[in-house]
Amino acid sequence: MKRSTSFFLSLVTAASLLMGSCPAVFAGETETEVTTEAGTEAASEAEENGTGAEAGEVLEDGVYTAEFDTDSSMFHVNEANDGKGVLTVKDGEMTIHVSLGGKGFLNLFMGSSEDAKKDGAELLEPTTDTVTYKDGTSEEVYGFDIPVPAIGEEFTISAIGKKGKWYEHKVSVSNPVKDEDAQADAGEKVTAEELGLEDGEYTADVTLEGGSGRATVDSPANLTVKDGEVTATIVWSSPNYDYMIIDGEKYEPVNTEGNSTFEIPVDGFDYPMEVVADTVAMSEPHEIEYTLTFSLSE
């Protein structure tokens, strides 16, 4: 009898332990299902918002907004831009333009701080950007065009401060969203041949964008068409531009007095043509990126 009673109590105890463990098993399964469902919803939401780019994915050519993440509270995107930069993809090459928090960093280098110190290191030059805060105030800060090796993958950038010290940072670019407005604003390039321009003299309205917004160029500008090639005379609002770069070629001023004047090639109309102009107005020369849009005058 004692043995029967002991066996019965053992069965009861085992059953109680088994029943007590069941909720834990079921709870674990439920948690897994909820997590999976939440992950699916998050993935769907990212896809709907155009942010579902996988790590390492090569984007189609175009203009995007993308998050620029860093490992530092000192080196980061200006708060006015909500942690984002403008990502441009052209011929499969990706570059993101970010406006920093101020003018504390003078140059960037794609790589380690040790390599940045070596002779011949190719440094990224700053642009002068104007950012506008939520309270309506504006400020000039430095920006940089940073090559992006891959989306969603961490890479190393080094930045040099005003005291000549290099700081090494880990950064990444993620969640690119195509900027349809930028695409629409970009317009389609129309060539001189498509316009049927014969050799001769013309004028064109010129729209300058980029930099701090203070510089201007004379508009309309004089154009010369010869053998189908278009050359524009660009007159800046300042005498402090010492050269321009168009499509990798460097152009010097054609004058020695007065505001800086250049004769540059024009490869098309009604679209923003990318140019670089170097200014000596600041304490150190700076190459600044601009766009020039030429529209034939009526």
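Refer to the structure presented above.
Summarised in this report is the structure supplied together with it.

Calculation notes
Residues numbered from 1 in each chain as written. Predicted model: local features only at pLDDT ≥ 70, side-chain atom pairs only at ≥ 80, totals over all residues. Heavy atoms only, no water. Helix = DSSP H or I, 4+ residues; strand = E, 2+ residues; numbered from the N terminus. Buried < 20%, exposed > 50% of the residue type's maximum accessible area, 1.4 Å probe, protein only. Contact = heavy atoms within 4.5 Å. Areas by Shrake-Rupley, 256 points an atom, 1.4 Å probe, with all protein chains shown as cover. Pairing = 2+ DSSP bridges. Axes fitted to C-alpha atoms, helices over the stretch in contact; angles between N-to-C directions. Polar contact = N/O pair within 3.5 Å; in protein donor to acceptor, adjacent residues only side chain to side chain. Phe/Tyr/Trp six-rings, centres within 6.5 Å; stacked < 30°, edge-to-face > 60°. Core = buried A, V, L, I, M, F, W, Y, C linked by side-chain atoms within 4.5 Å. Salt bridge = Lys/Arg side-chain N within 4 Å of Asp/Glu carboxyl O. Patch = residues over 30% accessible without salt bridge, like charges linked within 9 Å, V, L, I, M, F, W, Y side chains within 5 Å. Lys, Arg positive; Asp, Glu negative; His and termini not counted. Charge placed at Lys NZ, Arg CZ, Asp CG, Glu CD.

Across its full length, the protein chain holds 4 helices and 16 strands. For the protein chain, the residues scored as buried account for 32% of the 298 residues in total. Counted over contacts in the protein chain with a minimum sequence separation of 6, partners at least 24 positions apart contribute 59%. As displayed, the protein chain offers around 18,000 Å² of accessible surface, 49% of which is attributable to carbon and sulfur atoms.

To continue, consider the sheet that holds strand 13 (residues 249-251). Backbone hydrogen bonds are what pair the strands of a sheet, in a parallel or an antiparallel way. Strand order in the open sheet formed by 8 strands is 13-12-15-16-9-10-11-14, and the pairing between neighbours is antiparallel. Both outer strands of the open sheet, strand 13 and strand 14 (261-266), are each paired with one neighbouring strand and no more. Each neighbouring strand pair of the sheet contributes to a mean axis angle of 35°, computed without reference to strand direction. Note that strand 12 (residues 241-246) and strand 13 share 3 bridges and pair antiparallel. Bridge pairing in strand 13 places I245 opposite K250.

On to the sheet that holds strand 1 (residues 62-70), then. Strand order in this open sheet of 8 strands is 4-7-8-1-2-3-6-5, and the pairing throughout is antiparallel. Only two strands of the sheet have a single partner each, and these edge strands are strand 4 (105-109) and strand 5 (127-132). Pairwise comparison of adjacent strand axes, ignoring direction, gives a mean angle of 40° for this sheet.

Mapped onto the secondary structure, N107 falls in strand 4. For N107, the side chain forms a polar contact with the main-chain oxygen of L124, separated by 3.3 Å. For N107, the residues in contact, after removing those within four places along its chain, are L123, L124, E125, P126, F144, S158, A159, I160 and W166.

Looking now at the side chain of T279. Positionally, T279 belongs in strand 15 (residues 272-279). Within the structure, T279 has its side chain in polar contact with the backbone nitrogen of A281 (distance 3.1 Å). Apart from the residues within four sequence positions on either side, T279 is in contact with N240, Y241, D242, E284, P285, H286 and I288.

Glancing now at the packing of aromatic side chains. If you walk through the whole model with that rule in mind, you get 5 aromatic pairs. Here F105 and Y167 contribute two aromatic rings whose centre-to-centre distance is 6.3 Å and whose plane-to-plane angle is 80°, an arrangement assigned as edge-to-face. One end of the pair, F105, is in strand 4; the other, Y167, is in strand 8 (residues 166-178), and 62 residues separate them in sequence. Assessed through its relative accessible area of 15%, F105 is described here as buried.

Turning our eyes to something else, we now look at the nonpolar core. Membership of the largest hydrophobic core comes to 29 residues, with the highest contact counts inside it found for I234, W236, M244, I264, Y290, L292 and F294. Only strand 9 (200-210), strand 10 (221-226), strand 11 (229-235), strand 12, strand 14, strand 15 and strand 16 (286-296) provide two or more residues apiece to this core. The element that contributes the greatest number of residues to this core is strand 16, accounting for 4 residues. Those residues in contact with I264 that lie beyond four places of it in its chain are V230, T231, A232, I234, M244, I246, M273 and L292. In this structure, V77, I151, F155 and V173 belong to the second largest nonpolar core, which totals 25 residues.

Attention shifts here to the pattern of salt bridges. Summed over the entire model, instances satisfying the criterion amount to 6 salt bridges. Note that K117 and E114 form a salt bridge whose closest N and O atoms lie 3.6 Å from each other. The exposure class of K117 is exposed, given its relative accessible area of 51%. Close ionic contact of K189 with D267 constitutes a salt bridge, the shortest N to O distance being 3.6 Å.

A separate point is the environment of E198. Tracing the backbone shows E198 in the loop between helix 4 (192-195) and strand 9. Each C-alpha atom of the pair E198 and T224 lies 9.9 Å from the other, and the pair is 26 residues apart in sequence.

A negative phi angle is the norm for most residues apart from glycine, just as the trans form is the norm for most peptide bonds. In this model, S219 is joined to P220 through a cis peptide bond whose omega is 5°. Tracing the sequence through the fold places P220 in the loop between strand 9 and strand 10. Its identity as a non-glycine residue notwithstanding, D82 has a phi of 55°, on the positive side. Following the sequence through the fold, D82 ends up in the loop between strand 1 and strand 2 (84-90). Phi at N175 takes a positive value of approximately 50°, unusual for a residue other than glycine. Within the fold, N175 resides in strand 8.

Our next topic: a negative patch on the surface. A cluster of acidic residues, E198, D199, D227 and E229, forms a negative patch at the surface. Assignment of secondary structure puts D199 in the loop between helix 4 and strand 9.

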